[in-house]
Amino acid sequence: MFPILLGFLFTLCTYIGQHNGLLERRYSTLIISCIFFCIFFALSFHTFEQFLLSERTHHENKLFRFLPLTSSPISIIISTLVLILFWIPYLIAAYPGIFWYDTSWQVYDLVSSSDGISDHHPFFTTYLFGVFIHLGQILFHNPIIGLYLLTTLQLFITAFALASAICTIERYNIPWHIRALLLTFFAICPFFPMIFSTLAKDTLNLPFFLFFVICILEIHHTQGKSLRKIPFSILFTLDILLMSLTKKTCIYIAVFCLLSLFFILKEKYERIAVSLTILTTSGIIIFLLPTFLYPVLHIEHGENSELLALPLQQVANLAKNNKDAISPEDQDILETIYGQSLDSLASSYLFYVADPIKSNVNIPSNLLDDFIRIWAKYLILSPSDYIAAWGGLNTAWFSFDIQTPTDTTPNMITVQYSSAHYMQGLDSYIQWPQDTLANNTVTDFYQNNLLTTPLVNTFFYKSLWSSILPFFLMFIVCRKKQHLKDNLILLSPILVTCLTLYVGPTSSYREATRYVLPLVCTIPIISVIIFQRQRTDNTLTKGM
C-alpha cells in the first residue's frame, strides 16, 4: 500500500510541478508515470527492507572506545564537544550572523512599534530576539552581535540535544558502530552546521523538538514508568511549552503524540500524568496566554489565514481556473474575504506558494463559517482544482524534479549564507548585515558540489526526508504486526510533523528547508531504532 500510495502522489505532484500548477486530463501520461513510480518505489522498498533487516555480524572496533556513546553525562558532554568542534568553522564563517527574512520581519516588528508586536510569528521568539539585541547593544554597542550570540547559543544547545539523542538510543541496544555513524553523519554533513549558524524561529525550536523526541523515547522504553518521576514530568511539560512557544504547530504535534501513548500505558497513574500534561500545555498555549498575557504585553493576535493557507489557496485556484462555476452570491462573499476581486486574486495566484494569497487575508469571524461552507461546496463540485492547488504546494515534498520561476533548485534542501533578503525599512533602526565573513564561499561549495554530485545529492532532496523515508518506515513497521502499536508511537513525532508539511503553505521555497529540518534531524535517530527492533524480531522468529 505505501509504495503504491507514494507512487501515486509522486505522479500527481511531479506532473503539477512541471506543468505550471495545472492538472490536465492527459490520462496516458499520468497512467504511465504512475506505473513507473509505483514499480520504482515497490522495488526500492523491498530491496532496502531485505538489506537493512538482514543478519550481519560486526566486529566492534575498540580503537575509538574513548567515546563510549552511552547515556552517561560524561559521554553526552564528550559527544557534544565533538559536534561543536566540527561545527565551529561554519559558525565563524557566518559572522556577524545569517538571518532569514522572517527573522528580520520579527525584529522590525519589535523595533519599529512602541505599541506592541504581532503574534503572526511566535511572540516568544520575537521577544527573545529583543533580549539579545539589547544585550548586544549593552555589551558591544552593536545589536547584531547580540543576535550572533543567540545563534552561537542555539548551535551549542542543538549540539547537546543531538548528542543526547544519539547517546540515549543505546538503551534500545543500538550497536556502538551505528551510534558512532550517526554522530559522524551529524558532525561532517555541512547542512547541519550551516542551518544552525542561521537564526530563525525554526532553528530555535529544533533543540526543544529533539528533547521532546528523547522524552517520548524514554516514556516508550520504560513503558510509562518514567512518568512516575515528578522531575521528569515537570521537565517534559516545560519542554513542550518551550517547543510550542517557538513554533505554533508544535502544540498540535505534542498533543497527538501524547494521545498515542495511551496505547501502551497500562497504569492509571501514568494515564493521569499524560492527561495532565495535555491539559496543562494545550490550555496554557491555546487559552491562557492569548486571553491573559497578550493584553498585558500588547500582543496582537496573528491572522487566521496561517491555519487556512491550503483552503485559501484551493479557493483561489478555483477562481483562477473555473471562476464561472462560482455562484454570484459566493463570489461576493469571497471578494469580501480576500479583500480583492476574483480577477485580481487569480492574477496574483502562484501554484507553488500560498503567500501571495494568504498574506493580506484575515477572515472576519462572522465570515469564517461562510468561507468553510463555500470551500466544502466546491470541493464536491470542482475537486480537480482543489487537488491541483494541493499538489502545487506539495510539489517538493513528492517529486524529484519540478520547475518554479523563483528558484533553480526548488526540490533540494538549500541553506542561505547571507542576510541580503530582509524586511524593507529595517535599516532605519538597525544596520542590518548582508554579507558574512566567508561571503558566498560556503554556499557555493554546498550548491555547486554537494547538490550536483550524483548519489551524494540524493541526501539533499526534500522529498527523501518529507515523504520517501517516512513512507518507507511505515512500510517496514506495517509489514510485521509485531509491536505495531509500539513502533507507531516511536514514529508519531515524524508522522505528525509530515502531516503539518502536507497542509502547509509551500514546499518549493528556500524557507521550506526550515520546515523539513525536524525530520532531517530525527529520522536517522528513530529509524535505527525501528530497524534494530525489526531485525531482532526476525532473528527471534528464525530461532524458533
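Up top is the structure these notes are about.
Residues numbered from 1 in each chain as written. Predicted model: local features only at pLDDT ≥ 70, side-chain atom pairs only at ≥ 80, totals over all residues. Heavy atoms only, no water.

Participant: Quick question: what am I supposed to make of the overall build of the chain here?
Facilitator: The secondary structure content of the chain amounts to 22 helices and 4 strands. In terms of overall dimensions, the chain is globule-like: its C-alpha atoms have a radius of gyration of 24 Å, near the 24 Å expected for 544 residues. For the chain, the spread of C-alpha atoms along the principal axes amounts to about 70 × 65 × 55 Å. Counting every position in the chain, which comprises 544 residues, the buried fraction comes to 56%. Long-range pairs, those at least 24 residues apart, make up 79% of the contacts in the chain with a sequence separation of at least 6. Approximately 24300 Å² of the chain is accessible, and the part contributed by carbon and sulfur atoms is 66%. Taken as two groups, the 31 positive and 35 negative side-chain charges of the chain have centres that lie 15 Å from each other. (Helix = DSSP H or I, 4+ residues; strand = E, 2+ residues; numbered from the N terminus. Rg over C-alpha atoms; globule rule 2.2 N^0.38 Å. Buried < 20%, exposed > 50% of the residue type's maximum accessible area, 1.4 Å probe, protein only. Contact = heavy atoms within 4.5 Å. Areas by Shrake-Rupley, 256 points an atom, 1.4 Å probe, with all protein chains shown as cover. Lys, Arg positive; Asp, Glu negative; His and termini not counted. Charge placed at Lys NZ, Arg CZ, Asp CG, Glu CD.)

Participant: Would you mind showing me how to read empty space enclosed by the protein here?
Facilitator: Empty space among the atoms becomes visible once a probe the size of a water molecule is rolled across them. One pass over the full model with this rule turns up 2 cavities of 30 Å³ or more. Quantified by volume, the largest cavity comes out at close to 60 Å³. Lining the largest cavity, in full, are Phe185, Cys189, Phe191, Phe192, Ile413, Phe459, Phe460, Trp465 and Val520. Ala165, Leu210, Val213, Ile214, Leu217, Thr522, Ile525 and Ile526 are the residues that line the second largest cavity. Elements represented by at least two residues in the lining of the second largest cavity include exactly helix H9 (201-221) and helix H22 (512-543). With 4 residues, H9 is the largest single contributor of residues to the lining of the second largest cavity. The residue inventory of the lining of the second largest cavity, partitioned by class, reads 7 nonpolar, 1 polar and no charged. (1 Å grid on protein atoms, 1.4 Å probe; cavity = no way out; pocket = protein on both sides within 12 Å on 5 of 7 lines; lining within 4 Å. Points joined across faces, edges and corners; volume = space filled by probe spheres on them. Nonpolar A, V, L, I, M, F, W, Y, C, P; charged D, E, K, R; others polar.)

Participant: Before we go on, may I ask you to explain the packing of helix H10 (residues 230-246) against helix H12 (residues 268-297) in this structure?
Facilitator: Geometrically, a packed helix pair is captured by the angle between its two axes and the distance between the axes. Direction vectors running N to C along H10 and H12 enclose 30°, while the axes themselves pass 10 Å from each other. Taken together, the axes of H10 and H12 lie roughly parallel to each other. Note that H10 runs across H12; the crossing there is right-handed. When H10 is examined against H12, the residues Ile230, Phe236, Thr237, Ile240, Leu241, Ser244 and Leu245 are found in contact with a partner set consisting of Tyr269, Thr277, Thr280, Thr281, Ile284, Ile285 and Leu289. Along the lines of polarity and charge, the residues of the contact of H10 with H12 split into 9 nonpolar, 5 polar and no charged. (Axes fitted to C-alpha atoms, helices over the stretch in contact; angles between N-to-C directions. Parallel < 35°, antiparallel > 145°, perpendicular 65-115°, else oblique. Left-handed = near helix turned anticlockwise from the far one by under 90°.)

Participant: Whenever I open this one, a nonpolar patch on the surface confuses me. Can you help?
Facilitator: Together, Tyr252, Phe256, Leu259, Ile286, Phe287, Leu288, Phe292 and Leu307 line one region of the surface with nonpolar side chains, adding up to about 870 Å² of accessible area. Elements with a contribution of two residues or more to the nonpolar patch: helix H11 (250-260) and H12. Among the elements that take part in the nonpolar patch, H12 stands out by supplying 4 residues, more than any other. For Ile286, the location among the structural elements is in helix H12. (Patch = residues over 30% accessible without salt bridge, like charges linked within 9 Å, V, L, I, M, F, W, Y side chains within 5 Å. Salt bridge = Lys/Arg side-chain N within 4 Å of Asp/Glu carboxyl O.)

Participant: How do you make sense of the packing of aromatic side chains when you look at a structure like this?
Facilitator: For any pair of aromatic rings, the description consists of the separation of the ring centres together with the inter-plane angle of the planes. Within this structure, the stated rule accounts for 37 aromatic pairs. For the pair Phe351 and Tyr352, a centre-to-centre distance of 5.1 Å together with 85° between the ring planes defines the contact as edge-to-face. Owing to a relative accessible area of 4%, Phe351 belongs among the buried residues under this scheme. Judged by relative accessible area, which is 3%, Tyr352 ranks as buried. For Arg514, the ring lying beneath its charged end belongs to Trp100, and the centroid distance is 4.9 Å. (Phe/Tyr/Trp six-rings, centres within 6.5 Å; stacked < 30°, edge-to-face > 60°. Lys NZ or Arg CZ within 6 Å of the ring centre and 35° of its normal.)

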